[in-house]
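What follows is each chain in one-letter form.
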Amino acid sequence: MPGFLSLANELITNIANELDTRKGLRGTCRRINAVVSPRVFSYIIIDIHADRLDVGISQLEALATKATCVAEYVRTIDIRHLSPNYSPSDRKFIQDEPQVGSDEPKRLKVGWAQEKMRELLPEALSTLKGARTAIWKMCCGNPYWASVLVSEFLGTLPALDTLHLMEVLAQPKLRLDRISNLTKLTVRNDPHVPIAEIIANSPHLTHLDLLPSNWRVAGYTATLHSTLKKVPRGRPLRLEHLRIGDSCVRLDHETLPHLRHLRSLELKYMLYIPVNERQTYRLRKGVLSTLDRFGSSPRELWGIVGREGIPLEAVVAPADDGVIDYLASVTGIKKICLLRADTDALANRFFTQVVPRHSETLVTLSISADFEGLWCFGKHNVDILLKCTQLSELSIAVGTSTANKEMEMTMDGIVSRIMGMATQMPNLCRLQLFSAAPEMLRNAGSGNSATWHDESTREALCKSITSFGPIDPAIHPNLVMVGWRKFRQQRGADGVIKYVQ
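Analysis parameters
- Here, residues in each chain are numbered from 1, in the same order as that chain's written sequence.
- Where totals are concerned, whole chains, interfaces and linings use all residues; where local detail is concerned, this predicted model gives features only for residues with pLDDT of at least 70, and gives and counts side-chain atom pairs only at 80 or more.
- To obtain the side-chain values, all non-hydrogen atoms of the structure were used and water was disregarded.
- What counts as a helix is a DSSP run of H or I of at least four residues, what counts as a strand is a run of E of at least two, and both are numbered from the N terminus.
- Three exposure classes are used, based on accessible area relative to the maximum for each residue type with a 1.4 Å probe and protein chains only: buried under 20%, partly exposed in between, and exposed over 50%.
- The criterion used for residue contact is that any of the two residues' heavy atoms lie within 4.5 Å.
- Surface exposure here means Shrake-Rupley accessible area, sampled with a 1.4 Å probe, where a residue is shielded only by the protein chains that are shown.
- Whenever two N or O atoms come within 3.5 Å, that pair is a polar contact, provided that in protein one can donate a hydrogen and the other can accept it, and provided that, for residues adjacent in sequence, both atoms are side-chain atoms.
- Throughout, nonpolar core names a set of buried Ala, Val, Leu, Ile, Met, Phe, Trp, Tyr and Cys residues whose side chains join them through atoms within 4.5 Å.
- Between rings of Phe, Tyr and Trp, where Trp is taken as its six-membered ring, a pair exists when centres lie within 6.5 Å; planes separated by under 30 degrees are stacked, by over 60 edge-to-face, and by other angles tilted.
- DSSP bridges decide pairing: two strands pair if at least two such bridges lie between them.
- Definitions used for this entry: grid spacing 1 Å over protein atoms alone; cavity, a set of points where a 1.4 Å probe fits but cannot get out; pocket, an open set with protein on both sides within 12 Å along at least 5 of 7 lines; lining residue, one with an atom within 4 Å of a point.
- Grid points are joined across faces, edges and corners, and a volume is the space filled by probe spheres set on the points.
- All amino acids are sorted into three groups, where Ala, Val, Leu, Ile, Met, Phe, Trp, Tyr, Cys and Pro are nonpolar, Asp, Glu, Lys and Arg are charged, and the leftover types, Gly among them, are polar.
- By definition, a salt bridge exists where a carboxyl oxygen of Asp or Glu is found within 4 Å of a side-chain nitrogen of Lys or Arg.

Enquirer: Looking at this structure, how should I read the overall build of the protein?
Expert: A tally of regular secondary structure across the protein gives 16 helices and 18 strands. Per-residue burial for the protein yields a buried fraction of 48% across its 501 residues. Counted over contacts in the protein with a minimum sequence separation of 6, partners at least 24 positions apart contribute 64%. Counting only carbon and sulfur atoms, one obtains 51% of the accessible surface of the protein, whose full area is about 25,300 Å².

Enquirer: Sorry if this is basic, but what is going on with the side chain of Thr186 here?
Expert: With respect to the element layout, Thr186 can be found in strand E7 (residues 184-188). Judged by its relative accessible area of 7%, Thr186 falls in the buried class. Within polar-contact distance, the side chain of Thr186 engages the side chain of Asp209 at 3.3 Å. Residue contacts for Thr186: discarding those within four places in its chain leaves Leu163, His164, Leu165, Met166, Asp209 and Leu211.

Enquirer: Would you explain the nonpolar core in this entry?
Expert: Nonpolar side chains in soluble globular proteins tend to end up buried together. Trp302, Leu312, Phe350 and Trp375 are the most contacted members of the largest nonpolar core, which has 133 residues in total. Here Leu312 is in contact with Leu262, Arg263, Ser264, Leu265, Trp302, Val305, Tyr326 and Ile333, once residues within four sequence places are set aside.

Enquirer: Help me understand the packing of aromatic side chains, please; the structure alone is not making it clear to me.
Expert: How two aromatic rings sit relative to each other is given by the distance of their centres and the angle of their planes. This structure, assessed with the given rule, holds seven aromatic pairs. A ring pair is formed by Phe350 and Trp375, whose centres lie 5.5 Å apart and whose planes are at 40°; its orientation type is tilted. Here Trp375 lies in the loop between strand E13 (364-369) and helix H13 (379-386) and Phe350 lies in helix H12 (residues 344-358), a separation of 25 residues in the sequence. With respect to class, Phe350 is no different from Trp375; both count as buried. Geometrically, the ring pair formed by Phe351 and Trp375 is tilted, given 6.2 Å between the ring centres and 55° between the ring planes. Taken together, the positions of Phe351 in helix H12 and Trp375 in the loop between E13 and H13 put the pair 24 residues apart, joining distant regions of the chain. Following the ring pairs from residue to residue traces out a cluster consisting of Phe350, Phe351 and Trp375.

Enquirer: Would you mind showing me how to read the pairing of strand E9 (residues 241-247) here?
Expert: On a regular strand, each side chain points to the face opposite its neighbour's, so the side chains alternate between the two faces of the sheet. The buried fraction of E9 amounts to six of the seven residues, a majority that puts the element mostly inside the structure. Relative to strand E10 (residues 264-270), E9 is paired through five bridges, and the arrangement is parallel. Pairing of Leu242 across the sheet is with Leu265, part of E10.

Enquirer: I tried to follow empty space enclosed by the protein on my own but got confused; where do I start?
Expert: Over the atoms a probe the size of a water molecule is rolled, and this reveals where empty space is left. Throughout the structure, instances matching the rule amount to one cavity of 30 Å³ or more. Each pocket or cavity is described by its volume, and for the largest cavity that value is around 50 Å³. If you go around the largest cavity, the residues you meet are Leu224, Leu242, Ile244, Val249, Leu251, Leu259, Leu262, Leu265, Leu267, Leu301 and Ile310. Here the lining of the largest cavity is composed, by residue class, of eleven nonpolar, no polar and no charged.

Enquirer: Hey, could you run me through the side chain of Ser83 in this one?
Expert: In this fold, Ser83 is placed in strand E2 (residues 76-83). Aside from chain neighbours lying at most four places away, what touches Ser83 is Ile48, His49, Ala50, Cys140, Gly141, Asn142 and Pro143.

Enquirer: Would you mind going over the pattern of salt bridges with me for this structure?
Expert: Side chains carrying opposite charge are able to pair once their charged atoms draw close together. In the structure shown here, the tally under the stated rule is 18 salt bridges. The shortest N-O distance in the salt bridge between Glu119 and Lys116 comes to 3.9 Å. On the criterion of helical spacing, the pair formed by Glu119 and Lys116 is a turn pair, its members being three residues apart in helix H5 (residues 104-126). Residues joined by salt bridges that share partners form a network here, namely Arg299, Asp321, Asp325 and Arg349.

In structure tokens, the structure reads:
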């Protein structure tokens, strides 16, 4: 009978990916080691802080001295803390100078680790030249020399095509402008990050995620124009995915050429303030002129997207007239995520005019509604949602008052109705439910009443989901979420399958 070793390498790799003991599997024989090692060691985390000094320094030493073969397999580098004197668990720094009552052995060990890191880090990084993806979170307390070293290292990676700059502190002389030839870039829209230079150096960039900035600099307002301004004229990017955070956006002859091939557009945090509301924000004159020159309203933006025929397949945006008009004018959208959905008039238009146009293609539908109304699950939208036969992910709010009034059901009855709908969606794998507050709490802010209602509704949903059953794995979703709490199918001692957190 053919044994495990008679399988093709691809099958062995797929089997290994399903095991929790992949590293142990390497020790069985040379062939398994050769097949499994590239996957096991493809991702490396460099994280040096006071809570794991021995592990962090040992890792650097093994890489720097080439005492391990890990480096040749690494394709993703995740750089986090480079601060031996910082303790994430205590959220504080260990003082360089002795203090009354201080832990002297720990302080001395930190000093040793700082010297070893300065000695080993340059050589350790130099062994990771095969990396294609880099994730760098410039954590609090990282020494300046280490940040400079990492920035220079990133600019020397010959195969780097994906970069995530999750946090970048305001430090001068970081040579991030040397980074080039990326296809995917995720970065916070901070004024001290040379985003325009990195993009100009990456003519084949297809994915651009501009996250909201953690910094506020007087007089600075990010714009899509400033982000793309250094791309050579006549050689536009072929962006396929764009996420805008904390920026003014205007589509015109300067920005549109880069968006002709766009498939996914996310406008979660587009800067726009209606003229009649600007006085309440006390905006500087420079900000006002930037909004007028480089910004546009959602209705203007979505109108241009529609008229220009940009072939979007995924839309993530606040629910407003502009995006609803756009979605009602096109077909073939695969992903719709609507944020801050509120008015019933828009909800009615969405379920009657938009969803039917995309029912045969829609794979992901997410509706974030803070308050009860027609955006929430109810008998008014069940039949419409059931027509989305390709839907694999559904996120929707549950308004208890509205649902009880419409369907005269308890929470168990509401969950049972939702699950009944889910069983008729053959491709649904992930169902996420949120609680929506009753209208009377709209002006309660985050006070006790709103908090109590949200918590009590979520607890009632969780209780109803865990008591629902029995589950049929063939027709019920694999994953159900309440907020961000996950429930998966599990067979109990009695043989009955239910959802378990």
